[in-house]
Amino acid sequence: MKKDDQKPQFSRRDFVKSGAAGVGGMAAALASLDPKQLEAAEPPKRWDKVADVVVVGSGAAGLPAAISAAENGATVILIEQNYDIGGHAIQSGGAMALGGGSKNQKKWGVEDSPEKWYTDLINWHDYRFSDREIVWAFAQESAATLDWLVEKGGVTLRDTKPGNPDGGPATTPRAQGPVLAGWDGNAGGISPTGSNGTALMRPLEATARKMGVQILLEHSLTDVYRQGEFTGRVVGIRATTKGKPVTIQARRGIVIATGGHTSNVIFRRAYDPRLTEEYQVVGEPYSLQTGDGELAGVRVGAALWGAANQTNDTRARTHVMEKPVLIGNQFGYLRPGTRSTDDLVKSPVFSRFRATGLAVKDFQNVIHVNMAGVRFVNEEATGWTWWNACMAPNAKTPPGANGGGPIWAIFDAEGATREEWVCKPPYVDLDGWFFSADTLEELARKVTCRYQKEPLPSDALAAAVRRYNSFVDAGKDGDFGKTSPKFKIQTAPFYAAWSTPCAHDCLSGLRINGRAQAIDWSGAVIPGLYSAGESAGGFMQHGLAKCLTFGRIAGREAARGTART
Ligand SMILES: Cc1cc2nc3c(=O)[nH]c(=O)nc-3n(C[C@H](O)[C@H](O)[C@H](O)COP(=O)(O)OP(=O)(O)OC[C@H]3O[C@@H](n4cnc5c(N)ncnc54)[C@H](O)[C@@H]3O)c2cc1C
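Residues numbered from 1 in each chain as written. Predicted model: local features only at pLDDT ≥ 70, side-chain atom pairs only at ≥ 80, totals over all residues. Heavy atoms only, no water.

> Looking at this structure, how should I read the sheet that holds strand β11 (residues 280-281)?
In any sheet, the strands associate via hydrogen bonds between backbone groups, in a parallel or an antiparallel arrangement. Pairing within the open sheet is mixed, and its three strands lie in the order β11-β20-β13. The outermost strands of the open sheet, each flanked by one partner alone, are β11 and β13 (321-322). Sheet topology places β11 next to strand β20 (residues 502-503); two bridges connect them, and they run parallel. Across the sheet, the residue bridging to V281 is A503, located in β20. (Pairing = 2+ DSSP bridges. Helix = DSSP H or I, 4+ residues; strand = E, 2+ residues; numbered from the N terminus.)

The structure is reproduced here in structure tokens:
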């Protein structure tokens, strides 16, 4: 780390206006959001509330941060934008890739160590582009975090041998899931989608409340306050609740755990211009990843890190962008089977996601066409191969845009029967995400939506289907190598279902060090500011494990008032 005398010699105003080059490059790129958003706010003279540690966000990073800060003697206020806690984490499958020699691994006879975990992480193809200081800290604290979740957090682990992480090196079993005591496999009314992440997040919420953490729901972070121009401590935050501002002083530290920026199209396009508006975000519409935390951090001088990770061509299933698990609805990723359709329809968020979607069992039953009506990929492909093809600009990409546009799964009545799909609400969303017609020409004319401004060109769609049907006759896909195409698309009605990649994890964010301290553009620690989870950058690992681990580290370090590295 740089010393104080190496602090950047420029003012906040210069920083904001410094153009595309130099330390302010990314910040300036973000200036297109709204110039005011990059001006740091002055601390208020009087605070509405006060705590030692203020945690922002109640997901996989925020709740552990709050518990860990309280455990280390701090008074804690946690603010959460949503009407309930949990973020993406409560909707997750709950599988935690926490290894390195945990008590649970030992119980099941799994031999592991932090060194082995670290070596696996840096050598695994998908995670190798990570900041190794962060990976090392994770490997060191990973097992202790799992033990702590059980012993302190109140989480009960499923009584089964750990398995291999979903997206992660598979040399040693390191993935384990939580179970909710007395839970019979369906979390019923206590989870927005019935996902297993409930069994992780509800116990953590209960523990935090028991430890005196004040949880303020429907409070949305807008600003972090910092004393001096890029030199002083951060001293508090401003939030809004029901349209009114609230200021909260943080005597020891602030933890930004807002879950990243995948819901913020301008922000995410600063990382990769192809990440245009049509890509929906898994975890929405229950909770948003708006980039608020990163933006508030950037305004007080925090750097961003690991930008390329958001769409790195790792050629594997990394949870960067995803093939939707469900088609014909907007968000593509409610986990099928976690709730019955009846249950989902009654869920408090059904009015927001509007349809449960259709799960594709066999991609032999559909073809994928892009917004130009052209088939462009082997539908059976997964991971990078599939979504990278989807995101390539095509003949219909308008000037000034860079993404591949909507992707539609085209199938016929026989395909629907083989898949046992019911092609009507509440399974599909007729409001721009699913269409049907008696002819392909009519179908093409109908397919328009907010992201498909002009209908699918009917000649192109008809030609794509004709050519694909000829591959079925030939028993060979002459264009993209799909394994022996089996079924023609020929029987009315014909269908088009939204099947566009969705953003899964947010893998870039605020720069932190191994103690979860936020770092500025000169490489110096910002005193009092911490970040964890998907709003922190530098570590490509998928999912909960790094969020839980760095949340715990951040809360502890904030409570201890760690000064500098
Ligand atoms: C459907 C699904 C399944 C998944 N399954 C798995 C799995 O099995 N295993 C795994 O390892 N990972 C899984 N993941 C990924 C995992 O859930 C995330 O990586 C993890 O939850 C990220 O944690 P986080 O704390 O960074 O963000 P989140 O858990 O999203 O929490 C961030 C919180 O911050 C709040 N917030 C945002 N902005 C503000 C603001 N301005 N002010 C106040 N609060 C704000 C949000 O509302 C949210 O509650 C899954 C994700 C999804 C969506």
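From this point, things continue past the structure.
> I keep staring at the sheet that holds strand β19 (residues 494-498) and nothing clicks. Help me out?
Taken in spatial order, the four strands of this open sheet run β16-β17-β19-β18, and their pairing is antiparallel. Lying at the two open borders of the sheet, with one neighbouring strand each, are β16 (367-369) and β18 (434-437). Across this sheet, the average inter-strand angle for adjacent strands is 25°, counted without regard to direction. Where β16 meets strand β17 (residues 408-412), three bridges bridge the pair, whose relative direction is antiparallel. Bridge pairing in β17 places I367 opposite I410. (Axes fitted to C-alpha atoms, helices over the stretch in contact; angles between N-to-C directions.)

> Help me out: how do you make sense of the packing of aromatic side chains in this one?
A ring pair, where both rings are aromatic, is described by two values, the distance of the centres and the angle of the planes. What the rule picks out here adds up to 17 aromatic pairs. Considering the side-chain rings of W47 and Y225, the 5.6 Å spacing of their centres and the 75° angle between planes classify their relative orientation as edge-to-face. Here Y225 lies in strand β8 (residues 220-226) and W47 lies in the loop between α2 (25-29) and β1 (49-56), a separation of 178 residues in the sequence. Take Y225: its relative accessible area is 3%, and that puts it in the buried class. Following the ring pairs from residue to residue traces out a cluster consisting of W408, W433, F435, Y451 and W498. Between R511 and the ring centre of W305, over which it is positioned, the NZ or CZ distance is 3.8 Å. (Phe/Tyr/Trp six-rings, centres within 6.5 Å; stacked < 30°, edge-to-face > 60°. Buried < 20%, exposed > 50% of the residue type's maximum accessible area, 1.4 Å probe, protein only. Lys NZ or Arg CZ within 6 Å of the ring centre and 35° of its normal.)

> Honestly, the environment of D362 in this entry has me stumped. Any pointers?
Mapped onto the secondary structure, D362 falls in the loop between β15 (358-359) and β16. Take D362: its relative accessible area is 28%, and that puts it in the partly exposed class. A C-alpha to C-alpha distance of 9.1 Å links D362 and R418, two positions 56 residues apart in sequence.

> So what exactly am I meant to see when it comes to the side chain of D112 here?
Examined against the element boundaries, D112 turns out to sit in the loop between α5 (103-107) and α6 (114-123). Within the local environment of D112, its side chain forms a polar contact with the backbone nitrogen of G100, the two atoms lying 2.7 Å apart. Polar side-chain contacts of D112 include one of 3.0 Å to the side chain of Q105. Once residues lying within four places of it in the same chain are set aside, the contact partners of D112 are G99, G100, G101, Q105, W117, T172 and R174. (Polar contact = N/O pair within 3.5 Å; in protein donor to acceptor, adjacent residues only side chain to side chain. Contact = heavy atoms within 4.5 Å.)

> Could you clarify how one ought to interpret the pairing of strand β9 (residues 234-241) in this entry?
Side-chain direction in a regular strand flips from residue to residue, so the side chains alternate between the two faces of the sheet. A large share of β9 lies buried, amounting to six of its eight residues. By the bridge criterion, six bridges tie β8 to β9 in an arrangement that is antiparallel. Each bridged residue has a counterpart across the sheet, and for L221 the counterpart in β9 is A239. Note: β9 against strand β10 (residues 244-256), six bridges, orientation antiparallel. The residue bridging T241 from the neighbouring strand is K244, located in β10. Between β9 and β10, which pair antiparallel and follow one another directly, the connecting turn spans two residues, one of which, K242, has a positive phi of 50°.

> Please clarify how the site of the ligand should be interpreted in this entry.
Taken together, 39 residues are adjacent to the ligand, and E80, A95, D292, E534 and L544 come closest. One nitrogen or oxygen atom from the main chain of L221 is found 2.8 Å from a nitrogen atom belonging to the ligand. In the complex, the protein chains occlude 97% of the 1,000 Å² of accessible area that the ligand would expose alone. Elements with a contribution of two residues or more to the shell around the ligand: α4 (87-91), β8 and α17 (544-560). (Near = heavy atom within 4 Å. Areas by Shrake-Rupley, 256 points an atom, 1.4 Å probe, with all protein chains shown as cover.)

> Would you mind showing me how to read the pattern of salt bridges here?
Note that side chains of opposite charge can pair when their charged atoms are close. Taken as a whole and judged by the stated rule, the model has 23 salt bridges. For R552, the salt bridge goes to E141, with nearest N and O atoms at 3.2 Å. One end of the pair, R552, is in helix α17; the other, E141, is in helix α7 (residues 132-151), with 411 residues separating them in the sequence. Grouping residues by exposure puts R552 and E141 together as buried. (Salt bridge = Lys/Arg side-chain N within 4 Å of Asp/Glu carboxyl O.)

> Looking at this structure, I do not really get unusual backbone geometry. What am I missing?
Backbone geometry follows two general trends: most residues other than glycine have a negative phi, and most peptide bonds adopt the trans configuration. Cis geometry is found at the peptide bond from E284 to P285, where omega equals 5°. Tracing the backbone through its elements, the reader meets P285 in the loop between β11 and α10 (292-299). Between A492 and P493 the backbone carries a cis peptide bond, its omega angle lying at -5°. Relative to the elements of secondary structure, P493 occurs in the loop between α16 (458-474) and β19. The phi dihedral of A516 falls on the positive side, at around 70°, and the residue is not glycine. Topologically, A516 is positioned in the loop between β21 (509-510) and β22 (517-519).

> Whenever I open this one, the state of the cysteines confuses me. Can you help?
Defined simply, a disulfide is a covalent bond joining two cysteines at their sulfur atoms. Evaluation of the coordinates by the stated rule reveals zero disulfides. C547 carries a free sulfur, and the closest cysteine sulfur to it, the one in C506, is 9.8 Å from it. (Disulfide = S-S within 2.5 Å.)

> Explain α16 here, please?
It helps to recall that an α-helix has 3.6 residues per turn; residues three or four apart then point in one direction. The end-to-end C-alpha separation of α16 is 24 Å, in line with the 24 Å expected for 17 residues at 1.5 Å each. Those residues of α16 lying buried are L461, A462, A464, V465, Y468, N469, F471 and V472. Elements that come into contact with the buried residues of α16 comprise β16, β17 and α15 (440-446). Phi for G475, located one or two positions after α16, is positive at around 70°. (Expected span 1.5 Å × (residues − 1).)

> What is the right way to look at the nonpolar core in this model?
For soluble globular proteins, nonpolar side chains are generally found buried alongside one another. M96, L149, L204, L548 and F550 are the most contacted members of the largest nonpolar core, which has 81 residues in total. When residues in this core are grouped by element, the largest group, nine residues, is from α17. The residue makeup of this core includes at least three contributed by each of domain 1 (39-311 + 505-560) and domain 2 (321-503). Aside from chain neighbours lying at most four places away, what touches L149 is M96, L98, G154, V155, L204 and L548. Among the nonpolar cores identified, the runner-up in size contains 28 residues, and I79, V224, V234 and A302 belong to it. (Core = buried A, V, L, I, M, F, W, Y, C linked by side-chain atoms within 4.5 Å. Domains from an automatic or database assignment.)

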